[in-house]
Amino acid sequence: MPWSETRSPSPLLFRRHSSGDPKNFASVSSSLLPAFGTVVDENHLQRKKYVIAPYDYRYRWWQTFLVVLVVYSAWASPFELAFRKAASGALMVTDLVVDACFAADIVLTFFVAYLDKSTYLLVTDHDKIATRYVTRLWFTMDVASTLPFQFIYRILTGKMQNGDVFGFLNLLRLWRLRRVSELFKRLEKDIRFSYFMTRLSKLICVTLFAVHSAGCFYFWLAIHHHNSENTWIGSQVHDFKHRSIWLGYTYSIYWSIVTLTTVGYGDLHAVNTGEKLFNMIYMLFNISLTAYIIGNMTNLIVHSAVRTFFMRDAINKILRYASKNGLPEGLKEQMLAHMQLKFKTAELQQDEVLQDLPKAIRSSISQHLFRETVKNAYLFQGVSDDLIAQLVSEMKAEYFPPKVEIILQNEIPTDFYVLVSGAVDVLIFKNGSEQILSKLGSADMAGEIGVLFNIPQPFTVRTKRLSQVIRISHNHLKQVLQADHDDGKKIISNYIGYLKSLKQDMLEELPFLTELLSDMNIKLTAPNEEPQNPEASNSQQDADVKGGPETSSPSPSIMPIRVIIHGHHPDTNTSEGDTLGKLIHLPASIEDLFKLAEKKFGKRGSTILMADGSQVEEIDAMRENDQLYIF
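If you're wondering where the values come from, they're calculated on a predicted model, not measured in any experiment.

Along the protein, the regular secondary structure elements total 25 helices and 14 strands. Total accessible area computed for the protein in this model is approximately 36,300 Å², and 57% of it derives from carbon and sulfur atoms.

Here it is, written out as structure tokens:
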């Protein structure tokens, strides 16, 4: 089978073949990202002989094992410098085993593919891999830190030498510490591990290494001083050179910790000039180390408490604002409840969580969360799936605590709401008291009467318990409906059906509704009222369909335009009542507008003028809230 037929068409991430497809993308930062416009062949490494994928799980385990050996090297190198007797005993065998493992890793590195930083593609050519490794500093330092100089000297000369030269050469093993740094960098980006615990572990490791190294070097100074009694440990421990190794190590670590923590009991102190110089250097280093530790710990603690800090700060601002402006206690409690709920539901807030994601992903999430709720809302029942998808993709989700007003009576209408969960009351304020008109639950709508009629909101909507709503913009709904007349007519039909089913106490708060529906030739009946003469009703419907001159009426537009009509010439002086005019929905034709004006003013007109005196000849030229003069 040719190569072009076996390669993956468009993989998003390089997949580790030996470990199977990744099931968890928590460590996606460690995956290889292809360059734009390139195709990564995930089977290429499989067919390439003697090439190791750098993210193969077996190679990763090998690297983790080497990190454990690095920890040993970081402890043993300063220890063997200070305590030479330990370097020629059991530790020497252990050192040889550890060096053999790192020597094997050097050989293995010649077969590990690497990532080309210019193309972000894996390079699997053996010559390029070898050239890259040998020509870099890493190869030289890896070899220097792996060679067992003391053992080689013994083989070549047949003598055992424990001089300081070999002790300092062993310090080259500290080059291996870069592996530990790389491990912590990878763990910090892996969300499967706690960032706080990873950083804390790193700080502890740095501190322990500093304490151990300083103690070993300080003991080395005492060992090499010409007068052992004139040293920091010799003044306390007689003949310390011939005492137990672990006794000297304990004293060294004790001094290092006391100095690092700036406790300074004074029982172990510098005696000669060399020790004083080393103490000064170590204490200056401790200042930097302490600042590094405190800075990191402060960042970790502040990061974990930053949300609490912002919440307390916001609450204090609300309390100061309410106190300064003399707000009533009930309103202040609503403000505090809403602010607390905002922080408690921060992870669920749609805008905050999704703002950095691509629009396609945000739309898919919105479809998953709110599609069924919107489809169950009465206004959108029976409309196309495309319309639902366009509406849901732009909806905004919000949470409201109990006893909080979502909509206020007489406020300007800009949005209406679909209730996702919870419950709300629809109420009015009359004669100084509240009157609950209805209760709404999941998939019910609130505020749509004011928005669709373009009037101040007639009712107040207040939550009964914790409620989640999705907000629909009036402008967005209008834009969507302009492109789909069939869905627009269906929405108008659903809306009219809802208006016909309103309870009497709600209709009493909308005195214009009966007249408005009458203008649109819609018969308003009670919810359970049946037509007394079905045949007559059917005949009337047939007449409407045939379009008879007396019974025909324009079907309502998708989003009705409201205009104000007057029954006189614009230059005619009239009384105040005539000046206000009549607010109507614009009909579908000029002729229908004349009929409607005749019905309103009791006289037939033949001319329509605008407020500036220009004559209207086409109905499409009129806009929302135009003043029309018909005479």
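We now examine the side chain of Thr 146. Mapping Thr 146 onto the fold places it in helix α7 (residues 137-146). On the basis of relative accessibility, which here comes to 9%, the residue Thr 146 falls in the buried class. A distance of 2.6 Å separates a polar side-chain atom of Thr 146 from the backbone oxygen of Asp 142. Sequence-distant contacts of Thr 146, defined by excluding residues within four places in its chain, comprise Asp 99, Phe 102, Ala 103, Ile 106 and Arg 176.

Turning to the UniProt feature "transmembrane region" (unreviewed entry) in the protein, a few remarks are in order. The residues that UniProt annotates with the feature "transmembrane region" (unreviewed entry) are residues 61-83, 90-115, 135-153, 203-223, 243-265 and 277-295. Secondary structure within residues 135-153 divides into 79% helix and 0% strand; the distance between the first and last C-alpha atoms comes to 28 Å.

So, on to the pattern of salt bridges. In a structure, side chains of opposite charge can pair up when their charged atoms sit close to one another. Under the criterion given, the structure shown has 18 salt bridges. Because the salt bridges share partners, they merge into one network encompassing Glu 80, Asp 95, Asp 99, Arg 173 and Arg 176.

This brings us to the sheet that holds strand β9 (residues 460-463). Reading across the sheet, the 4 strands line up as β4-β9-β6-β7 and stay open at both edges, with antiparallel pairing between neighbours. A single partner strand is all that each edge strand has here, and the edge strands are β4 (405-407) and β7 (433-440). Sheet twist, expressed as the average angle between the axes of neighbouring strands with direction ignored, equals 35 degrees. Judged from the 4 bridges that link them, strand β6 (residues 424-430) and β9 form a sheet pairing that is antiparallel. Paired with Val 426 across the bridge in β9 is Val 461.

Another aspect to go through is a nonpolar patch on the surface. A cluster of nonpolar residues, Leu 147, Phe 151, Ile 152, Ile 155 and Leu 156, forms a patch on the protein surface that exposes about 470 Å² of accessible area. Among the secondary structure elements, Leu 156 is positioned in helix α8 (residues 149-157).

Time to look at the packing of aromatic side chains. Within this structure, the stated rule accounts for 23 aromatic pairs. Taken together, a centroid distance of 4.8 Å and an interplanar angle of 35 degrees make the contact between Phe 79 and Phe 83 tilted. Ring centres of Phe 79 and Trp 246 lie 5.3 Å apart, and the angle between their planes is 25 degrees; this geometry places the pair in the stacked category. Of this pair, Phe 79 sits in helix α3 (residues 57-82) while Trp 246 is found in helix α12 (residues 245-260), placing the two residues 167 residues apart along the sequence. Through pairs of rings, three or more aromatic residues link up here, namely Tyr 72, Trp 75, Phe 79, Phe 83, Phe 219, Phe 240, Trp 246 and Tyr 249. Taking NZ or CZ as reference, Arg 132 lies 4.3 Å from the ring centre of Tyr 114, over its face. Sitting over the face of the ring of Phe 102, Arg 176 holds its NZ or CZ atom 4.1 Å from the ring centroid.

Where a protein is soluble and globular, its nonpolar side chains tend to be buried together. Leu 379, Phe 380 and Leu 502 are the most contacted members of the largest nonpolar core, which has 51 residues in total. In terms of residues, this core owes the most to one element, strand β5 (residues 415-421), which gives 5 residues. Excluding anything up to four places from it in sequence, Leu 379 contacts Phe 416, Met 445, Leu 452, Ile 491, Asn 494 and Tyr 495. With 42 residues, the next largest nonpolar core counts Val 67, Phe 79, Leu 81 and Ala 82 among its residues.

So, about the environment of Val 165. Tracing the sequence through the fold places Val 165 in helix α9 (residues 164-170). When the C-alpha positions of Val 165 and Phe 149 are compared, they lie 9.6 Å apart, and in sequence the two are 16 residues distant.

Topologically, Val 70 is positioned in helix α3. Val 70 gets classed as buried once you look at its relative accessible area, which sits at 1%. Remark: the alpha-carbon pair of Val 70 and Leu 174, spanning 104 residues in sequence, is separated by 8.0 Å. In contact with Val 70, not counting residues within four places along its chain, are Phe 102, Arg 176, Leu 177, Arg 179 and Val 180.

What follows deals with the confidence of the model for the protein. Averaged over all residues, the pLDDT of the protein equals 78, while 80% of them reach at least 70. Confidence drops under pLDDT 50 across residues 1-40; counting only partners more than four residues distant or on other chains, this segment forms 58 contacts. Across residues 521-558, where pLDDT falls below 50, the model places 32 contacts with residues more than four positions away in sequence or in other chains.

Ala 305 marks where helix α13 (residues 273-325) bends most, by close to 50 degrees. Along α13, the positions that sit buried rather than exposed are Glu 275, Phe 278, Asn 279, Tyr 282, Asn 286, Leu 289, Asn 296, Leu 300, Ala 314, Ile 315, Ile 318 and Ala 322. A side-chain oxygen of the first residue of α13 lies 3.2 Å from the backbone nitrogen of Gly 274; this N-cap is Asn 272. One or two positions beyond α13, positive phi appears at Gly 326, with a value near 65 degrees.

For strand β11 (residues 562-566), the buried fraction is high: 5 of the 5 residues fall into the buried class. In β11, alternate side chains face the same way, and those of Arg 562, Ile 564 and His 566 on one face and Val 563 and Ile 565 on the other are all buried. The sheet contact formed by β11 and strand β12 (residues 582-585) spans 4 bridges and is antiparallel. If you follow Ile 564 over to β12, its bridge partner there is Leu 583. Sheet topology note: the β11/strand β14 (residues 627-630) ladder contains 3 bridges and is parallel. The partner of His 566 across the bridge, within β14, is Tyr 629.

The phi dihedral of Thr 262 falls on the positive side, at around 55 degrees, and the residue is not glycine. Exposure remark for Thr 262: the relative accessible area of 67% places this residue in the exposed category. Of note in the backbone geometry, Ala 443 takes a positive phi value of approximately 75 degrees without being a glycine. Of note, Ala 443 is situated in the loop between β7 and β8 (445-446). Of the residues examined, Ala 443 reaches a relative accessible area of 12% and is grouped as buried.

This paragraph deals with the packing of helix α10 (residues 177-189) against helix α11 (residues 195-223). Interhelical geometry of α10 versus α11 gives an angle of 160 degrees and a closest axis separation of 9 Å. Judged on the interaxial angle alone, α11 and α10 are roughly antiparallel. Every pair of crossing elements has a handedness; the one defined by α10 and α11 is left-handed. Between α10, through Leu 177, Phe 184, Leu 187 and Glu 188, and α11, the contact on the second element is made entirely by Tyr 195, Thr 198, Arg 199, Ser 201, Lys 202, Cys 205 and Phe 209. Tallied by class, the residues present in the contact of α10 with α11 amount to 6 nonpolar, 2 polar and 3 charged.

The rules behind each value
Residues numbered from 1 in each chain as written. Predicted model: local features only at pLDDT ≥ 70, side-chain atom pairs only at ≥ 80, totals over all residues. Heavy atoms only, no water. Helix = DSSP H or I, 4+ residues; strand = E, 2+ residues; numbered from the N terminus. Areas by Shrake-Rupley, 256 points an atom, 1.4 Å probe, with all protein chains shown as cover. Buried < 20%, exposed > 50% of the residue type's maximum accessible area, 1.4 Å probe, protein only. Polar contact = N/O pair within 3.5 Å; in protein donor to acceptor, adjacent residues only side chain to side chain. Contact = heavy atoms within 4.5 Å. UniProt positions renumbered as here; feature names shortened; annotations may be inferred. Salt bridge = Lys/Arg side-chain N within 4 Å of Asp/Glu carboxyl O. Pairing = 2+ DSSP bridges. Axes fitted to C-alpha atoms, helices over the stretch in contact; angles between N-to-C directions. Patch = residues over 30% accessible without salt bridge, like charges linked within 9 Å, V, L, I, M, F, W, Y side chains within 5 Å. Phe/Tyr/Trp six-rings, centres within 6.5 Å; stacked < 30°, edge-to-face > 60°. Lys NZ or Arg CZ within 6 Å of the ring centre and 35° of its normal. Core = buried A, V, L, I, M, F, W, Y, C linked by side-chain atoms within 4.5 Å. pLDDT = per-residue confidence, 0-100. Bend = angle between axes of the 7 residues up to and from the residue. Parallel < 35°, antiparallel > 145°, perpendicular 65-115°, else oblique. Left-handed = near helix turned anticlockwise from the far one by under 90°. Nonpolar A, V, L, I, M, F, W, Y, C, P; charged D, E, K, R; others polar.

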